[in-house]
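Report on the structure
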Amino acid sequence: MSATEWGRRAEALYQPGYASRYRAVDDDIRHGVLVQTFGGWLRTISESFGREITALDLGCGTGRYFWALSHVRALTGIDVSEAMLAEARQPVDASAITVKNITLLHGDFLAQTLEAGAFDLIYSIGVLAEHSPLDDRLAERVSGWLAPGGAFAFTAVHPQSFSVTRTWQRRLGEWLLPFSAGRLRAVLREKLLAGGLYADEVRLRELLPRHGLRIESIGSHLSDIHLHLMCVARKPA
Ligand SMILES: C[S@@+](CC[C@H](N)C(=O)[O-])C[C@H]1O[C@@H](n2cnc3c(N)ncnc32)[C@H](O)[C@@H]1O
């Protein structure tokens, strides 16, 4: 497996001990607000196709949300951590999973080659604009993998999240932003979004259409961890 710098970072973080603790948390929080919110959202999106679909889970981890999918004929879960994928072989609430065929793929989604136009739904929870940058490279890949009419659903951490440390540089950048324009504004914005490790609505509305993805909705959820954005974008049919 060839991995990017981001993939290698994730692989180093999600080692066996961490993965088994993560999997234990899956059981503890299965019926909590966070998982119910993201799971219910994913179920609604997968049902909205009104037919059987193919799906790709970017950074599937331990398969925390496999139970939420509906009408999915074939699911590919890709993750750079072997340890997380090993846990995903016994995902939470396995008896509730209706997906007919699950393929777990060990790979870095920033480097992996996947079939063009193969997926009706590409989703990613707790990965993009959090552990891996939500940027042009990622959006271009997703757009290529989506089938016409396909949906891209993902969560992202908002820069105003209380989990984002309010350093003096960040406060200064936020203060300067309304007075800035042109190149300075672009540089400030990129710094405040940490090169794509956070995302706000403006970022989503600039980035996704550049890659042929039309934004359908941007919601938010305030958990005890982050202020999460929940975005659905569509590749026109
Ligand atoms: C916080 S976990 C989220 C797992 C799962 N989506 C969930 O909601 O529980 C982040 C996962 O993304 C994976 N990951 C991060 N960057 C990746 C990359 N570039 N390619 C593949 N997997 C990646 C990590 O290995 C890890 O399993």
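All values reported here derive from a predicted model rather than from experimental measurement. (Residues numbered from 1 in each chain as written. Predicted model: local features only at pLDDT ≥ 70, side-chain atom pairs only at ≥ 80, totals over all residues. Heavy atoms only, no water.)

1. Thoughts on the packing of helix α6 (residues 168-176) against helix α7 (residues 182-192)
Working note: a packed helix pair is described by the angle between its axes plus the distance between those axes. It is the contact of α6 with α7, at a shortest axis distance of 10 Å, that shows an interaxial angle of 140 degrees. With respect to their mutual orientation, α6 and α7 come out oblique. Regarding α6 and α7, the two cross each other, and that crossing is left-handed. Within the contact between the two elements, α6 uses Arg170, Gly173, Glu174 and Leu176 and α7 uses Leu188, Lys191 and Leu192. (Axes fitted to C-alpha atoms, helices over the stretch in contact; angles between N-to-C directions. Helix = DSSP H or I, 4+ residues; strand = E, 2+ residues; numbered from the N terminus. Parallel < 35°, antiparallel > 145°, perpendicular 65-115°, else oblique. Left-handed = near helix turned anticlockwise from the far one by under 90°. Contact = heavy atoms within 4.5 Å.)

2. Overview of the sheet that holds strand β3 (residues 101-106)
With mixed pairing, seven strands are arranged side by side in an open sheet as β3-β2-β1-β4-β5-β7-β6. Two strands bound the open sheet, and with one partner strand each, they are β3 and β6 (214-222). Direction aside, neighbouring strands of the sheet carry axes that sit 15 degrees apart on average. Against the sheet, helix α3 (residues 33-47) contacts β1 (53-58), β2 (72-79), β4 (119-124), β5 (146-157), β6 and β7 (227-234), and its axis sits at roughly 5 degrees relative to β7. The sheet contacts of helix α5 (residues 136-145) involve β1, β4 and β5, and relative to β5 the element is tilted by about 145 degrees. (Pairing = 2+ DSSP bridges.)

3. Considerations on the pairing of β7
Of all eight residues that make up β7, seven are buried, and the element is covered over most of its length. Pairing analysis gives seven bridges linking β5 to β7, with the strands arranged antiparallel. Bridge assignment links Phe154 to a residue of β7, and that residue is Cys231. Judged from the eight bridges that link them, β6 and β7 form a sheet pairing that is antiparallel. Looking at the pairing, Arg214 lines up with Arg234 of β7. Between the antiparallel neighbours β6 and β7 lie four residues. (Buried < 20%, exposed > 50% of the residue type's maximum accessible area, 1.4 Å probe, protein only.)

4. Notes on the site of the ligand
Every one of the 20 residues lining the ligand counts as a neighbour, but Tyr22, Gly59, Asp79, Asp108 and Ile125 are closest to it. Within the contact set of the ligand, a nitrogen atom lies 3.0 Å away from a backbone nitrogen or oxygen of Phe109. Protein coverage of the free-state accessible area of the ligand, which is 600 Å², stands at 97%. Because more than half of its atoms lie within 2 Å of the grid, the ligand is assigned to the largest pocket. Grouping the amino acids of the shell around the ligand by side-chain chemistry returns ten nonpolar, seven polar and three charged. (Near = heavy atom within 4 Å. Polar contact = N/O pair within 3.5 Å; in protein donor to acceptor, adjacent residues only side chain to side chain. Areas by Shrake-Rupley, 256 points an atom, 1.4 Å probe, with all protein chains shown as cover. 1 Å grid on protein atoms, 1.4 Å probe; cavity = no way out; pocket = protein on both sides within 12 Å on 5 of 7 lines; lining within 4 Å. Sits in = over half its atoms within 2 Å of the grid points. Nonpolar A, V, L, I, M, F, W, Y, C, P; charged D, E, K, R; others polar.)

5. Some details on the side chain of Asp200
Within the secondary structure, Asp200 is located in the loop between α7 and α8 (201-207). A polar side-chain atom of Asp200 sits 2.9 Å from the main-chain amide nitrogen of Arg203. For Asp200, the residues in contact, after removing those within four places along its chain, are His158, Pro159, Arg189, Leu193 and Leu229.

6. Structural notes on the layout of surface pockets
As a volume, the largest pocket reaches approximately 790 Å³. What lines the largest pocket is a set of 38 residues, among which Tyr14, Tyr22, Ile125, Gly126 and His131 lie closest to the centre. Of all the elements in the fold, those that place two or more residues in the lining of the largest pocket are α1 (5-13), α2 (16-29), α3 and β4. Here the lining of the largest pocket takes four residues from α2, the largest share from any one element. Taken together, the residues of the lining of the largest pocket break down into 19 nonpolar, 13 polar and six charged. In this model, the second largest pocket occupies a volume close to 210 Å³. What lines the second largest pocket is a set of 14 residues, and nearest its centre among them are Arg189, Glu190, Leu193, Arg203 and Glu206. Residue assignment for the lining of the second largest pocket shows that the elements contributing at least two residues are α7 and α8. For the lining of the second largest pocket, the per-class residue count stands at five nonpolar, no polar and nine charged. (Points joined across faces, edges and corners; volume = space filled by probe spheres on them.)

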